[in-house]
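Below, each chain spelled out in residue letters.
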Amino acid sequence: MLGQMMETPLLVTSVLERARRFFPRSEIVTRSAAGELSRLSYADFYKRTARLAGALARLGVVRGDRVATLCWNHHRHLEAYFGIPSMGAVLHTLNLRLHPSELSFIARSAEDKVVIVDRSLLPLYQKFAADVPSIRHVIVVPDDGATPPDLLDYETLLAAERDDFAWPPLDERSAAGICFTSGTTGNPKGVVYSHRSTVLHTMVSCMTDTLALSEGDVVMPVVPMFHANAWGLPYSAVAVGARVVMPGPRLDAESLTTLMATEKVTLAAGVPTIWLGILALLDAAPKRFDLSSIRSMVIGGSAAPPSMIEGFQSRHKLHVTHAWGMTETSPLGSLARIKRSLDAADPAAQLGLRSTQGYAVTLIDQRHVADDGRVLPWDGSTMGELEVRGPFVASGYLGGAGADRFTQDGWFKTGDVVTIDAEGYIRITDRSKDVIKSGGEWISSVALENALMSHPAVLEAAVFAGRHPKWDERPLAAIVLKPGHSATKAELTAHLESRVAKFWLPDDYLFMAQIPRTSTGKFLKSKLRDDHGDMLMGR
Ligand code: AMP
């Protein structure tokens, strides 16, 4: 017997229409490169989104065409987020931190037809545009000054259109967006989101036990809109009618903290580096900013060190929500929420749980497996590769790349090495390509980094494998000290001795001004290995 319920398709268009209907007075606040704030009501946002769709249709964009964006976080980018999928085209967010050669590879692979680019990023665009034969039009967003006269101007195009674009009916399985992985090895791979996956991810991320988004929230995605859809926040914030605060290109701690305080942000999200800077700023002047409106700071993309989670909580009464995800998982996969049955645990145990990557969000399944594919026990100590599945997890990559990441029985291999405890809490010990194997034993670089970052003088620590003549690999630690602080190698070793097994102690430390990073702010350990991986060989 079949159910007898309407099979209304799950479309981004419905999220947009609901926002128009119920929340016309909600606002999108954008801060420009010059630091000025502009405010746009949802009513006007809707009209502009319709006009953008009209302009794209006039330029010849049809269903399934890829329209790329090369933009910072601002309201026009949000218009593209909704207008492009709702007209049946596919939003392809380009990562402005990539090298032009990578961007040309990505734009060629996606066969982008139109590119919407911030004027401030035109020099970058011009470095790769000629290598992408599919591009027919470039539309310039005048973010930091007027559009050059020989190029299409975003505002001029919108001014010529009507407010009432007729959104087409769409199959919920049709592509809504493409985002390329920020892979540190091999070519980036395209993940193709559908309308259905986007809407389901939006609903799950709004749930009370996920991010608990509501109309009363003020949401600031610090995470760039080119990084895994800004973790879905542009869709989920608009879905509930929240006020959205777009920080533009100024991502330094001072600018962000000021914006959070003045706009009374309730939920902000970004990678640990951003929050480390903010924590240091608050520590230096604890009374300077009033951040009492904030109820959750969502941290993900890399492991949030326990010392940071604890520092925000105990010194500034700010609550960190630690989340795990990937471009391939839309991206929210799991979240470190403490279950009621565990609430009574002591503060140290609570911090321990909040520093894990949490357990899978609704609709996502998780397991971890051994090298031979054997499913492993949830005992909190057996390490294996995390696999996930669910309706907003990729089932393949654009063009059939990376087929080995998908198992015969329908799971996605994340490449993250984890333990899972009896309650389902995942703890990432490493990326599989970053694991350190010393004399046949695994050493967790993430655990070592967390221990090092709990030292008062250490701002950041990245632990990586150095080749070793006897042990095969030994840990090396790259360290960035806090300004005005000092620590010797012996002091760091003494700090670690009480926290980790003796054979985990790094063989050496490298003090640096900055740890090399990927385009999405993760430690680039392959570069550390390339530059310093042989330093133990001659010893
Ligand atoms: P991306 O697709 O660029 O978002 O990268 C996904 C990868 O980032 C994951 O496979 C993890 O290795 C890492 N990652 C994301 N969130 C976390 C987290 N909370 N803790 C540790 N690693 C994370």
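Keep in mind it's a predicted model, so treat the numbers as computed, not measured.

Parameters at a glance
Residues numbered from 1 in each chain as written. Predicted model: local features only at pLDDT ≥ 70, side-chain atom pairs only at ≥ 80, totals over all residues. Heavy atoms only, no water. Helix = DSSP H or I, 4+ residues; strand = E, 2+ residues; numbered from the N terminus. Rg over C-alpha atoms; globule rule 2.2 N^0.38 Å. Buried < 20%, exposed > 50% of the residue type's maximum accessible area, 1.4 Å probe, protein only. Contact = heavy atoms within 4.5 Å. Areas by Shrake-Rupley, 256 points an atom, 1.4 Å probe, with all protein chains shown as cover. Lys, Arg positive; Asp, Glu negative; His and termini not counted. Charge placed at Lys NZ, Arg CZ, Asp CG, Glu CD. Near = heavy atom within 4 Å. Polar contact = N/O pair within 3.5 Å; in protein donor to acceptor, adjacent residues only side chain to side chain. Nonpolar A, V, L, I, M, F, W, Y, C, P; charged D, E, K, R; others polar. Disulfide = S-S within 2.5 Å. Axes fitted to C-alpha atoms, helices over the stretch in contact; angles between N-to-C directions. Left-handed = near helix turned anticlockwise from the far one by under 90°. Domains from an automatic or database assignment. Buried area = accessible area lost by both parts, 1.4 Å probe. Core = buried A, V, L, I, M, F, W, Y, C linked by side-chain atoms within 4.5 Å. Pairing = 2+ DSSP bridges.

### A look at the overall build of the protein
Here comes step 1: On a plain count of helices and strands, the protein comes out with 15 helices and 25 strands.
Here comes step 2: A globule of 539 residues ought to have a C-alpha radius of gyration of about 24 Å, and the protein, at 23 Å, matches this closely.
Here comes step 3: Counting only C-alpha atoms and orienting by the principal axes, one finds that the protein spans roughly 70 × 60 × 50 Å.
Here comes step 4: For the protein, with 539 residues in total, the buried portion stands at 56%.
Here comes step 5: Here the analysis covers contacts within the protein between residues at least 6 apart in sequence; of these, 68% occur between residues at least 24 apart.
Here comes step 6: Counting every atom, the protein has about 22,500 Å² of accessible surface; 53% of that belongs to carbon and sulfur.
Here comes step 7: Computing the positive centroid from 57 side-chain charges and the negative centroid from 59, the protein places the two 2 Å apart.

### Description of the site of the ligand
Here comes step 1: Around the ligand, the surrounding shell holds 16 residues, and the nearest of these are Ser182, Ala323, Thr327, Asp416 and Arg431.
Here comes step 2: Note that a nitrogen atom of the ligand is positioned 3.2 Å from one of the backbone N or O atoms of Ala303.
Here comes step 3: At 2.7 Å, a side-chain N or O of Thr327 approaches an oxygen atom of the ligand.
Here comes step 4: In isolation the ligand has 500 Å² of accessible area, and contact with the protein removes 92% of it.
Here comes step 5: Broken down by secondary-structure element, the contributors of at least two residues to the shell around the ligand are β14 (320-325) and β20 (426-431).
Here comes step 6: For the shell around the ligand, the element with the most residues is β14, which contributes 4 residues.
Here comes step 7: A per-class count over the shell around the ligand returns 5 nonpolar, 8 polar and 3 charged.

### Things to note about the environment of Ala50
Here comes step 1: Its place among the elements puts Ala50 in helix α2 (residues 42-58).
Here comes step 2: The sequence separation of Ala50 and Glu79 amounts to 29 residues, and the corresponding C-alpha distance is 8.6 Å.
Here comes step 3: Ignoring anything within four residues of it in the chain, the contact list for Ala50 reads Arg162, Asp163, Asp164, Phe165 and Trp167.

### Focus on the state of the cysteines
Here comes step 1: Inspection of the entire model under this criterion finds 0 disulfides.
Here comes step 2: Summary of cysteine pairing: Cys179 is not part of a disulfide, and the nearest cysteine sulfur, belonging to Cys71, is at 14 Å.
Here comes step 3: In this structure Cys179 comes out as buried when scored by relative accessible area, which is 1%.

### Observations regarding the environment of Ile436
Here comes step 1: Within the element layout of this structure, Ile436 appears in strand β21 (residues 436-438).
Here comes step 2: Not counting residues up to four positions away in its chain, the partners in contact with Ile436 are Asp430, Glu441, Trp442, Ile443, Ser445, Val463, Phe464, Ala465, Glu473, Arg474 and Pro475.

### Structural notes on the packing of α2 against helix α3 (residues 75-86)
Here comes step 1: Between α2 and α3, the least distance of the axes is 9 Å, while the angle of their chain directions is 65°. For the pair α2 and α3, the sense of crossing is right-handed. Within the contact between the two elements, α2 uses Phe45, Arg48, Thr49, Leu52, Ala53 and Leu56 and α3 uses His75, Arg76, Leu78, Glu79, Ala80, Phe82, Gly83 and Ile84.
Here comes step 2: Residues that form the contact of α2 with α3 fall into these classes: 8 nonpolar, 3 polar and 3 charged.

### Quick notes on the domain arrangement of the protein
Interface extent is often summarised as the accessible area lost during association of the parts.
Here comes step 1: What the domain assignment lists for the protein is domain 1 (12-248), domain 2 (322-431) and domain 3 (436-532).
Here comes step 2: The C-alpha centroid of domain 3 is placed 24 Å from the C-alpha centroid of domain 2.
Here comes step 3: At the interface, 4 residues of domain 2 touch 7 residues of domain 3.
Here comes step 4: For the pairing of domain 2 and domain 3, the buried interface totals around 370 Å² over both sides, and the portion due to carbon and sulfur atoms is 51%.
Here comes step 5: For the pair domain 2 and domain 3, the interface holds 3 residue pairs in polar contact (both at pLDDT 80 or more).
Here comes step 6: A breakdown of the residues in the side of domain 2 that touches domain 3 according to their chemical character gives 2 nonpolar, 1 polar and 1 charged.

### Focus on the nonpolar core
Here comes step 1: Counting 112 residues, the largest nonpolar core has Leu56, Phe82, Ile116, Met220, Met260, Trp275 and Phe312 as its most contacted members.
Here comes step 2: Considering each element in turn, this core owes the most residues, 8 residues, to α2.
Here comes step 3: Counting only domains with at least three residues in this core, you end up with domain 1 (12-248) and domain 2 (322-431).
Here comes step 4: Once you skip the residues sitting within four places of it in the chain, Leu56 turns out to touch Val61, Val67, Ile84, Met87, Val114 and Ile139.
Here comes step 5: Ranked by size, the runner-up nonpolar core spans 26 residues in total, among them Leu70, Trp72, Leu103 and Ile106.

### Concerning the sheet that holds strand β13 (residues 296-299)
Here comes step 1: The strand order β2-β1-β11-β10-β12-β13-β14-β15-β16 describes an open sheet built from 9 strands, whose pairing is mixed. Strands at the two margins of the open sheet, each flanked by one partner only, are β2 (37-41) and β16 (359-360).
Here comes step 2: Examined bridge by bridge, strand β10 (residues 218-221) and strand β12 (residues 267-270) share 3 bridges and lie parallel to one another. Pairing of Met220 across the sheet is with Ala268, part of β12.

### Focus on the side chain of Asp217
Here comes step 1: Among the structural elements, Asp217 can be located in the loop between α7 (195-206) and β10.
Here comes step 2: Owing to a relative accessible area of 5%, Asp217 belongs among the buried residues under this scheme.
Here comes step 3: A distance of 2.8 Å separates polar atoms of two side chains, one belonging to Asp217 and the other to Arg295.

### Observations concerning helix α13 (residues 445-453)
Here comes step 1: With respect to burial, α13 is a largely interior element, 8 of its 9 residues being buried.
Here comes step 2: Taken as a whole, α13 has its buried residues at Ser445, Val446, Leu448, Glu449, Asn450, Ala451, Leu452 and Met453.

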